[in-house]
Amino acid sequence: MLNIRFGATDSTVTYVDGFFNSDYEDEWLLDPFVQEMVLDIDKSKILSPNCIESPIFGQIPPTRLSGGVKALILMLKTDEEIWATACGDNCAKWITKIAEMKDLTICLEHFMSFEDNHFPFRDANTGEIYNDYLDAIINKNGKYY
Amino acid sequence: MRFEVQSKRVKYEIEFFGKYTIITGDSGSGKTTLYDMVTDYQLGNKAIKISCGKRVVALANHFTGIELEPFRDCVIIIDEYNLLLKQKDAASIFRHSDNYFIIITRKKLDYLPVSINNYLKLENKGKLNKAVQIFPRFNITEFIGIQNIITEDSLSGLEFFKEYFPEIHSESAHSKSEITSYLKSNFTDFSGVLVVYDASAFAFSAKEFFEITKESNVKILDWESYENFLLRNEPFCEEYNQMDMDCYYESLEQFSEERLVQLIGYHKGSLLKCIKKDCICGQCNKVANCHFKHRQLDYKLKISKNLY
């Protein structure tokens, strides 16, 4: 299930870029699900664990992936609470897919647009269960802290 | 102001006006690359070219604000991981810094009065990345069928509508970030609702607002600010827009308010005495020294020619 914390805590991985660069494992990049996310978000093809083909920059290492796709990979491969404000709206569908596969807690400090706002999630701040993302946003009065 | 940065592989074009500009949008659109290129340029990478009328500085991510002190009238680029954005006193640091800021972030920094016009995303066309405005402007003057007016302002902005449009129910949502929840809590259907917000400071509330009101018939009056509206009209007739803004004012709203203070000792807390409908100009205790006395005011006509 998806858990959303509105506002970061000390335990949230907010420096997603640095955390990924220090913590990623080669085999993560061999996972077809990860390869699909990288192709969708960064339009880049994983050639090997250390080499990714970017349409703009040619061959790049995984450390040069976008912050959004790094956050998605960390959500999938670790149990950390990841700062999803590193993710654009084009990552939202992947977040809900990952949450169908495992218990996932993300932190939001902005309004993320999901294509369909009707999905179940738990507000990690209050424990409340919502079936509509917009209901939670309205309850928060637009505040993410 | 126009800012361009380019290498052989990629080029960025950003046009912005005023102190704060936000670059946001999808992952993988090249925002971090923009920041990295400016950082490389500072380190002496001569393969990167920057064109801008001002000095451009990428603020290192571990800097927390005090490092801004030596800079004046520069364009400061800030990445989403910058520690300054986590500082409790960030609002004050930004306010007191006389620089232009281009901030790459999705985080809701609602302490910054950012104009809808300066809330941008990158559009990619081959090697060119151009920053474009995300949310539309409306400038509605058509008031037909309006039954409810919702303002973000609970002071003079609200009083203005109560004074000039007494036949329409006017209420305040109390703040810009509460407009969305106010609408959802008070209306099932947004037909006949006019929302009034200050576009010069609404950027961080816009995404939720447009998501909640999409496919509805809500009407929008997005003037730059109430004070800017007053300035533009009689008796002042001073037109200022976003393009006139420099880094010494946080927003067009702040500038307009300060200008009114200079002109007439304006106070935001209540409706300006001389724009009240029953005002008799000659009875005002300031009339002897007033430069604007005895002008004819018709704000109702100014704001809407088609109310009835």
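None of these values were measured; they are calculated from a predicted model. (Residues numbered from 1 in each chain as written. Chains lettered and ligands numbered in written order. Predicted model: local features only at pLDDT ≥ 70, side-chain atom pairs only at ≥ 80, totals over all residues. Heavy atoms only, no water.)

## Quick notes on a negative patch on the surface
Residue and element names in this part refer to chain A. On the surface, Asp23, Glu25, Asp26, Glu27 and Glu80 cluster together into a patch of negative charge. With respect to the element layout, glutamate 25 can be found in the loop between α1 (16-23) and α2 (32-42). In this structure glutamate 25 comes out as partly exposed when scored by relative accessible area, which is 38%. (Patch = residues over 30% accessible without salt bridge, like charges linked within 9 Å, V, L, I, M, F, W, Y side chains within 5 Å. Areas by Shrake-Rupley, 256 points an atom, 1.4 Å probe, with all protein chains shown as cover. Salt bridge = Lys/Arg side-chain N within 4 Å of Asp/Glu carboxyl O. Lys, Arg positive; Asp, Glu negative; His and termini not counted. Charge placed at Lys NZ, Arg CZ, Asp CG, Glu CD. Helix = DSSP H or I, 4+ residues; strand = E, 2+ residues; numbered from the N terminus. Buried < 20%, exposed > 50% of the residue type's maximum accessible area, 1.4 Å probe, protein only.)

## Things to note about the environment of B:Lys125
Relative to the assigned elements, B:Lys125 resides in strand β8 (residues 119-125). Put simply, B:Lys125 and B:Lys11 are 114 residues apart on the chain and 9.9 Å apart in space, counted from C-alpha to C-alpha.

## Observations concerning empty space enclosed by the protein
Taken as a whole and assessed by the stated rule, the structure comprises three cavities of 30 Å³ or more. As for the largest cavity, its lining consists of A:Thr14, A:Trp83, A:Glu109, B:Glu80, B:Tyr81, B:Asn82, B:Leu85, B:Lys86 and B:Lys107. Per-class residue counts for the lining of the largest cavity are three nonpolar, two polar and four charged. (1 Å grid on protein atoms, 1.4 Å probe; cavity = no way out; pocket = protein on both sides within 12 Å on 5 of 7 lines; lining within 4 Å. Points joined across faces, edges and corners; volume = space filled by probe spheres on them. Nonpolar A, V, L, I, M, F, W, Y, C, P; charged D, E, K, R; others polar.)

## A short note on the interface of chain B and chain A
Contacts between the two partners involve 23 residues from chain B, matched on the other side by 35 residues from chain A. Taken together, chain B and chain A are joined by two salt bridges. Between A:Asp89 and B:Lys207 there is a salt bridge whose closest N-O contact spans 2.9 Å. One can count 14 residue pairs in polar contact (both at pLDDT 80 or more) joining chain B with chain A. Here the side of chain B that touches chain A takes four residues from helix α5 (residues 203-213) of chain B, the largest share from any one element. Residues of the side of chain B that touches chain A, tallied by class, amount to three nonpolar, seven polar and 13 charged. (Contact = heavy atoms within 4.5 Å. Polar contact = N/O pair within 3.5 Å; in protein donor to acceptor, adjacent residues only side chain to side chain.)

## Description of the nonpolar core
Ranked by size, the top nonpolar core spans 95 residues in total, and within it A:Met37, A:Met75, A:Ile95, A:Tyr133 and B:Phe94 carry the most contacts. The dominant element in this core, judged by the number of residues it contributes, is helix α3 (residues 67-77) of chain A, at seven residues. Once residues lying within four places of it in the same chain are set aside, the contact partners of B:Phe94 are B:Lys19, B:Tyr20, B:Ile78, B:Leu84, B:Leu85, B:Phe101, B:Ile103, B:Tyr111 and B:Leu112. (Core = buried A, V, L, I, M, F, W, Y, C linked by side-chain atoms within 4.5 Å.)

Treat this as a map of the structure, not an account of what it does.
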